[in-house]
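# Observations on the model geometry
Chain by chain, the residues run as shown.
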Amino acid sequence: MSKHQEVAAAVKALVKRALPVAKVIGMDLGEAKPTSIGELGQAIVRSGDAGEPEVDLSPPTYWWERTFPVELAARDEPNRSAQEVLAEMAMKVGIEISADPYLGGLCVWLDATAPTDGEVDERGAAPIAWCDFGIVASYSTTSPLG
């Protein structure tokens, strides 16, 4: 497994740890935004694009800053709005990132971008609220191929 794949798998595992009751999907090619979500929320982790690395020449080291897009979805709960549920879900991911900003030694640093405001998707009987943010992983490899 390449370092790129290891980091991607570790980011998805981090989101699963942060949101143990939510359905966490993603990293599969062609996976579309679902039309329905479970009662306990959902997270989609996308692989993003590694982009072009910065290069140190001696020894050859390729420095990557890769953003993994994350989409969270939630429904209204009896005593909380879907936006409040989304804020709590995002906060839990942030706490998990803070607990291990080195992703078990795979990264030099791990951080998150600010989330978008929860947009509401009116489908069927219950509206679904969505928000997006990125998990930014900074790491290095000894080859541009990972």
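The structure this text deals with has already been given above.
Residues numbered from 1 in each chain as written. Predicted model: local features only at pLDDT ≥ 70, side-chain atom pairs only at ≥ 80, totals over all residues. Heavy atoms only, no water.

### Brief notes about a nonpolar patch on the surface
- A grouping of Trp63, Tyr102, Val108 and Trp109 is seen on the molecular surface, where their side chains present a nonpolar patch of about 410 Å² in accessible area.
- With a relative accessible area of 36%, Trp63 lands in the partly exposed category. (Patch = residues over 30% accessible without salt bridge, like charges linked within 9 Å, V, L, I, M, F, W, Y side chains within 5 Å. Areas by Shrake-Rupley, 256 points an atom, 1.4 Å probe, with all protein chains shown as cover. Salt bridge = Lys/Arg side-chain N within 4 Å of Asp/Glu carboxyl O. Buried < 20%, exposed > 50% of the residue type's maximum accessible area, 1.4 Å probe, protein only.)

### Quick notes on the nonpolar core
- Residues Val7, Leu19, Leu72, Leu103, Leu110 and Ile135 are the most contacted members of the largest nonpolar core, which totals 36 residues.
- Contributing elements (two or more residues each) for this core: α1 (3-18), β2 (42-45), β4 (60-75), α2 (82-99) and β7 (128-141).
- Once you skip the residues sitting within four places of it in the chain, Val7 turns out to touch Phe68, Leu103, Leu106, Cys107, Ala137 and Tyr139.
- Among the nonpolar cores identified, the runner-up in size contains 6 residues, and Ile44, Ala73, Ile128 and Trp130 belong to it. (Core = buried A, V, L, I, M, F, W, Y, C linked by side-chain atoms within 4.5 Å. Helix = DSSP H or I, 4+ residues; strand = E, 2+ residues; numbered from the N terminus. Contact = heavy atoms within 4.5 Å.)

### Points about α2
- The end-to-end C-alpha separation of α2 is 26 Å, in line with the 26 Å expected for 18 residues at 1.5 Å each.
- Every buried residue belonging to α2 is among Ala82, Val85, Leu86, Met89, Ala90, Val93, Glu96 and Ile97, and all of these are buried. The arc that holds the buried residues of α2, viewed along the axis, is 135°, so those residues lie on one side. Exposed side chains of α2 directed beyond 90 degrees from the buried face belong to Ile95, Ser98 and Ala99.
- For α2, the secondary structure elements touched by its buried residues are α1, β2, β4, β5 (109-112) and β7. (Expected span 1.5 Å × (residues − 1). Arc of directions from axis to C-beta.)

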